[in-house]
Amino acid sequence: MNKPVPFVALLRGINVGKAKRIAMADLRQLVEELGFGQVKTLLTSGNVVFTARPGDAITAADRIQTAIASTLGVFSRVTVISAAELARAIADDPLTKIAVDPSRMLFAVATDPLGMRALQPLAREDWVPEALALSDRIAWIWSPHGVLDSKAAAAINRALKDAVTMRNRATMQKLHALCIAIM
């Protein structure tokens, strides 16, 4: 039928430094009040796992983003992916053989899959010692010298601005485990 399934909302730039501070308890409550089920947060950087009917997920990002701005007074771009998309992104990661440190392996998730077209020229560049690979919704970035020094991540941020958010492999794996736990 139309049984609720897990989704992940990724909030861009939450609780990084002193700006855009949101308590995770407030974020959980807000997402629950929007009618989503089994709401869980991970870490303090704006990762929310919840269940929704598949049709409801289409508007989930906009609804959560609008509610955060109006209720909590913080603007943060929200990207929602399904648990299935998350599982695929982890399983299809083409950089696993070279990306030995999960904290330096980034998953860049585009808010709008059409935005990934803007990254096609970047995929043809030589990023050594970094590496970059693209799918229709995810860019994988290996940044062996650290995320903050990643030229590929900086180029993606310049190309997509706030229409992309990044998480490291360790966080994505934890989010995937949460999705499995609420299935």
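Residues numbered from 1 in each chain as written. Predicted model: local features only at pLDDT ≥ 70, side-chain atom pairs only at ≥ 80, totals over all residues. Heavy atoms only, no water.

Peer 1: Run through the nonpolar core, naming residues and quoting values.
Peer 2: Core analysis: the largest hydrophobic core is formed by 24 residues, its most contacted members being Val 8, Leu 86, Phe 107, Met 172 and Leu 175. Looking at this core, the elements that each hand over two or more residues are strand 1 (5-11), helix 3 (83-91), strand 5 (105-110), strand 6 (131-134), strand 7 (138-142) and helix 6 (169-182). Per-element accounting of this core gives the leading share, five residues, to helix 6. Residues contacting Met 172, with those up to four places away along its chain left out, are Ile 81, Leu 86, Ile 90, Phe 107, Val 109 and Arg 167. Grouped together as the second largest cluster of nonpolar side chains are 23 residues, Met 24, Val 39, Ala 52 and Ala 60 included. (Core = buried A, V, L, I, M, F, W, Y, C linked by side-chain atoms within 4.5 Å. Buried < 20%, exposed > 50% of the residue type's maximum accessible area, 1.4 Å probe, protein only. Helix = DSSP H or I, 4+ residues; strand = E, 2+ residues; numbered from the N terminus. Contact = heavy atoms within 4.5 Å.)

Peer 1: Help me get a handle on unusual backbone geometry, residues and values and all.
Peer 2: Val 128 connects to Pro 129 through a cis peptide bond whose omega is 10°. With respect to the helices and strands, Pro 129 occurs in the loop between helix 4 (120-123) and strand 6. With phi around 60°, Leu 43 is a residue other than glycine that occupies positive phi space. Turning to its location among the elements, Leu 43 is positioned in the loop between strand 2 (37-42) and strand 3 (47-52). A residue is classified by how much of its surface remains accessible, and Leu 43, at 46% relative accessible area, is partly exposed.

Peer 1: Pulling in residues and values, what's your account of the layout of surface pockets?
Peer 2: Space inside the second largest pocket adds up to approximately 210 Å³. What lines the second largest pocket is a set of 14 residues, among which Ala 57, Ile 58, Ala 61, Val 80 and Arg 137 lie closest to the centre. Of all the secondary structure elements, the ones that give two or more residues to the lining of the second largest pocket are helix 2 (57-72) and strand 4 (78-82). Looking at the lining of the second largest pocket, the element that brings in the most residues is helix 2, giving five residues. Taken together, the residues of the lining of the second largest pocket sort by class into seven nonpolar, three polar and four charged. (1 Å grid on protein atoms, 1.4 Å probe; cavity = no way out; pocket = protein on both sides within 12 Å on 5 of 7 lines; lining within 4 Å. Points joined across faces, edges and corners; volume = space filled by probe spheres on them. Nonpolar A, V, L, I, M, F, W, Y, C, P; charged D, E, K, R; others polar.)

Peer 1: Provide a residue-level description of helix 2, including the pertinent values.
Peer 2: With 16 residues, helix 2 should reach 22 Å at 1.5 Å per residue; the first-to-last C-alpha distance of 21 Å fits that figure. Considering only its buried residues, helix 2 is in contact with strand 1, helix 1 (24-33), strand 3 and strand 4. Of the residues flanking the end of helix 2, it is Gly 73, one or two places downstream, whose phi is positive at about 70°. (Expected span 1.5 Å × (residues − 1).)

Peer 1: So what's going on with the packing of helix 1 against helix 2? Residues and values would help.
Peer 2: The relative placement of two packed helices is expressed as an angle between their axes plus a distance between the axes. Where helix 1 contacts helix 2, the axes come no closer than 10 Å and their chain directions differ by 125°. Here helix 2 runs oblique to helix 1, going by the angle between their axes. Relative to helix 2, the crossing made by helix 1 is right-handed. On helix 2, the residues touching Asp 26, Leu 27, Leu 30 and Val 31 of helix 1 are Ile 64, Ala 67, Ile 68, Thr 71 and Leu 72. (Axes fitted to C-alpha atoms, helices over the stretch in contact; angles between N-to-C directions. Parallel < 35°, antiparallel > 145°, perpendicular 65-115°, else oblique. Left-handed = near helix turned anticlockwise from the far one by under 90°.)

Peer 1: Can you explain helix 1? Please cite residues and give values.
Peer 2: Think of an α-helix as 3.6 residues a turn; residues three or four steps apart then line up on the same face. Of all the positions in helix 1, only Met 24, Leu 27, Leu 30 and Val 31 are classed as buried. What you see down the axis of helix 1 is that its buried residues fit within an arc of 120°, all on one side. Against the buried residues of helix 1 lie strand 1, strand 2, strand 3 and helix 2. Two residues or fewer after helix 1 comes Gly 35, characterised by a positive phi angle close to 100°. (Arc of directions from axis to C-beta.)

These results come straight from atomic positions and should not be treated as a statement about function.
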